[in-house]
Amino acid sequence: MQSYMVRYNSIKKSFLKLIILIICLNTAYSQHAKKMTKIENFGKNPGNLRMFIYADNHSDTNKIPLVVVLHGCGENAKSVSELTGWNKLSDLNSFIVLYPQQKFINNPNLCFNWFLKRDIEKVQGECESIFQMISFVRKHFPIDSNKIFITGLSAGAAMSVVLAATHPELFKGAAIFAGCAYKISNNEVSAMLGKYVSKERLTKDVIEQNPDYKGLYPPLLIYQGLNDPIVNFENANHLINQWSGINNTDTIPEKIETTFMGIEDITRYEYQDSLARTTVIYYEVKKLGHRLLIKSGKEDNEGGQIGILGVDKGYHSTFETAKEFGLIKKSKT
């Protein structure tokens, strides 16, 4: 018990230090972010969130995809857009990006409250606010309902899982960067320890949100660093267990690619159901802490920002995620 508490306190201190550093850097990130539009009245807002969209490239006639991007703790809509490079890909490939944003009054660390029951149940709190934002965009822009995706980093990743679990019919894919399973914890630190939770309970928590749902759950792309001091890598296994449970599949990958794309530190695992449909893709990354894989540069398959939350390993995870989602018109390899 004593060693558990020592580890818990160590993680908590690391988490708070990271939050402070990110907040200090937010202004620098935001100054260079492309212009986004703030939407004041998007519908019901029980979670008291802010809404921003990047839609400079939309067409009035053609149906286009929508990507929902949820920031991590200490970030905001502008800083996560700059970190990830989603706006650049939006310009090149004609899709809209929605950026929900947390408020200090809701969480002083600016984390989405992915661990509070009042914010993660269907039609409640922050979960419902984000759903209302998506509904607003679908109403006012020519969104292709078969091409709506969600992604996030850390707390934003965990909240992305919340939306995928509560509204599986809405999304065609979700990318989870250092996130955790739905309802794995009721506080924002203990889940980072990677403690054991049974597959049965993880599965039950999701099914209870949609007891009559018979459709498919959106495939998950999971990115997890093995040296992450904030989110224990066991959380990736919890996600795999949860999604295999709701999809009635086992936890043995059908495909394993080591040295993925020629990068020694990345191993790609692909999990499929009985009809050979992909349910989970897991990117296990060695020598990676609590950061995104970014490949900075001006080419179409490069972008994002290296820094406290971005590291260059020659792999632009935002571009590769967009490619997995089927959003890239012309990919460079």
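Here the structure is a predicted model, which is why all the values come from computation and not from measurement. (Residues numbered from 1 in each chain as written. Predicted model: local features only at pLDDT ≥ 70, side-chain atom pairs only at ≥ 80, totals over all residues. Heavy atoms only, no water.)

Hey, could you run me through the overall build of the chain in this one?
Broken down by element type, the chain carries nine helices and 12 strands. The buried share of the chain, reckoned over its 333 residues, is 59%. A fraction of 69% describes how many contacts in the chain between residues 6 or more apart in sequence connect residues 24 or more apart. When the accessible surface of the chain is summed, it comes to about 14,300 Å², and 51% of that surface belongs to carbon and sulfur atoms. (Helix = DSSP H or I, 4+ residues; strand = E, 2+ residues; numbered from the N terminus. Buried < 20%, exposed > 50% of the residue type's maximum accessible area, 1.4 Å probe, protein only. Contact = heavy atoms within 4.5 Å. Areas by Shrake-Rupley, 256 points an atom, 1.4 Å probe, with all protein chains shown as cover.)

I'm lost on helix 5 (residues 125–140) in this one. Help?
Helical geometry: 3.6 residues make up each α-helical turn, so side chains three or four residues apart lie on a common side. The first and last C-alpha atoms of helix 5 sit 23 Å apart over 16 residues, in line with the 22 Å expected at 1.5 Å per residue. Three or more residues of helix 5 are buried, namely Gly125, Glu126, Cys127, Glu128, Ser129, Ile130, Gln132, Met133, Ile134, Phe136 and Val137. (Expected span 1.5 Å × (residues − 1).)

Looking at this model, I keep getting lost on the confidence of the model for the chain. Mind explaining?
Atomic detail in the predicted coordinates should be set aside for any region of low pLDDT. Mean pLDDT over the chain stands at 89; residues scoring 70 or higher make up 86%. In this model residues 2–8 is a low-confidence stretch, pLDDT under 50, and it forms eight contacts with partners more than four residues away in sequence or in other chains. Per-residue pLDDT stays below 50 along residues 15–33; that stretch engages in 37 contacts with residues further than four places along the chain or on separate chains. (pLDDT = per-residue confidence, 0-100.)

Teacher, can you tell me more about the pairing of strand 7 (residues 220–225) here?
Successive residues of a regular strand alternate their side chains across the two faces of the sheet. Of all six residues in strand 7, six are buried; the element is thus mostly enclosed. Here strand 7 shows two buried faces, one formed by Leu220, Ile222 and Gln224 and the other by Leu221, Tyr223 and Gly225. In this sheet, strand 10 (residues 278–285) lies alongside strand 7 in parallel orientation, the contact comprising six bridges. If you follow isoleucine 222 over to strand 10, its bridge partner there is tyrosine 282. (Pairing = 2+ DSSP bridges.)

What am I meant to see in the state of the cysteines here?
Overall, the coordinates contain one disulfide when judged by the stated rule. Linked covalently through their sulfurs, cysteine 73 and cysteine 111 form a disulfide whose S-S length is 2.0 Å. The S-S bond linking cysteine 73 to cysteine 111 shows a torsion near 125°; that makes this disulfide right-handed. Note that cysteine 73 is positioned in the loop between strand 3 (64–70) and helix 2 (77–84) and cysteine 111 in the loop between strand 4 (96–101) and helix 4 (117–120), a separation of 38 residues in sequence. Accessibility classification places cysteine 73 together with cysteine 111 in one group, the buried group. (Disulfide = S-S within 2.5 Å.)

Hey, could you run me through the environment of glutamate 128 in this one?
Summarising the element assignment, glutamate 128 is placed in helix 5. For glutamate 128, a relative accessible area of 9% translates into the label buried. Distance in space between the C-alpha atoms of glutamate 128 and lysine 44 is 7.9 Å, their sequence separation being 84 residues. Leave out the neighbours within four places in its chain, and glutamate 128 touches Pro46 and Val123. Among the polar contacts listed, one links the side chain of glutamate 128 to the side chain of glutamine 132, at a separation of 2.7 Å. (Polar contact = N/O pair within 3.5 Å; in protein donor to acceptor, adjacent residues only side chain to side chain.)

Even after reading the chapter, I still don't get the side chain of serine 129, so can you show me in this structure?
Here serine 129 is to be found in helix 5. Under the relative-accessibility criterion, serine 129 is labelled buried at 0%. In this structure serine 129 touches Phe42, Lys44, Asn45, Pro46, Gly47, Asn48 and Leu49, once residues within four positions along its chain are discounted.

Would you take a moment to explain the pattern of salt bridges for this structure?
A side chain of one charge can pair with a side chain of the opposite charge when the charged atoms of the two come close. Going through the model one piece at a time under the given rule, you end up with 11 salt bridges. Close ionic contact of glutamate 324 with arginine 268 constitutes a salt bridge, the shortest N to O distance being 3.1 Å. In this pair, glutamate 324 is assigned in helix 9 (residues 317–324) and arginine 268 in strand 9 (residues 266–272), connecting sequence segments 56 residues apart. Between lysine 323 and glutamate 320 there is a salt bridge; the shortest N-O distance is 3.7 Å. Of this pair, lysine 323 and glutamate 320 both sit in helix 9, three residues apart, roughly one helical turn. (Salt bridge = Lys/Arg side-chain N within 4 Å of Asp/Glu carboxyl O.)

Mind showing me how you'd approach the packing of helix 7 (residues 199–207) against helix 8 (residues 234–246) here?
Packed helices, taken two at a time, are described by their axes: the angle between them and the distance between them. Close contact between helix 7 and helix 8 brings their axes to 8 Å; oriented N to C, the two are set at 60°. Classified by the interaxial angle, the pair formed by helix 7 and helix 8 is oblique. Seen along the crossing, helix 7 lies across helix 8 with a hand that is right-handed. Residue-level inspection shows Lys199, Leu202, Thr203, Val206 and Ile207 of helix 7 in contact with helix 8, the latter providing His238, Asn241, Gln242, Ser244, Gly245 and Ile246. Partitioning the contact of helix 7 with helix 8 into residue classes produces four nonpolar, six polar and one charged. (Axes fitted to C-alpha atoms, helices over the stretch in contact; angles between N-to-C directions. Parallel < 35°, antiparallel > 145°, perpendicular 65-115°, else oblique. Left-handed = near helix turned anticlockwise from the far one by under 90°. Nonpolar A, V, L, I, M, F, W, Y, C, P; charged D, E, K, R; others polar.)

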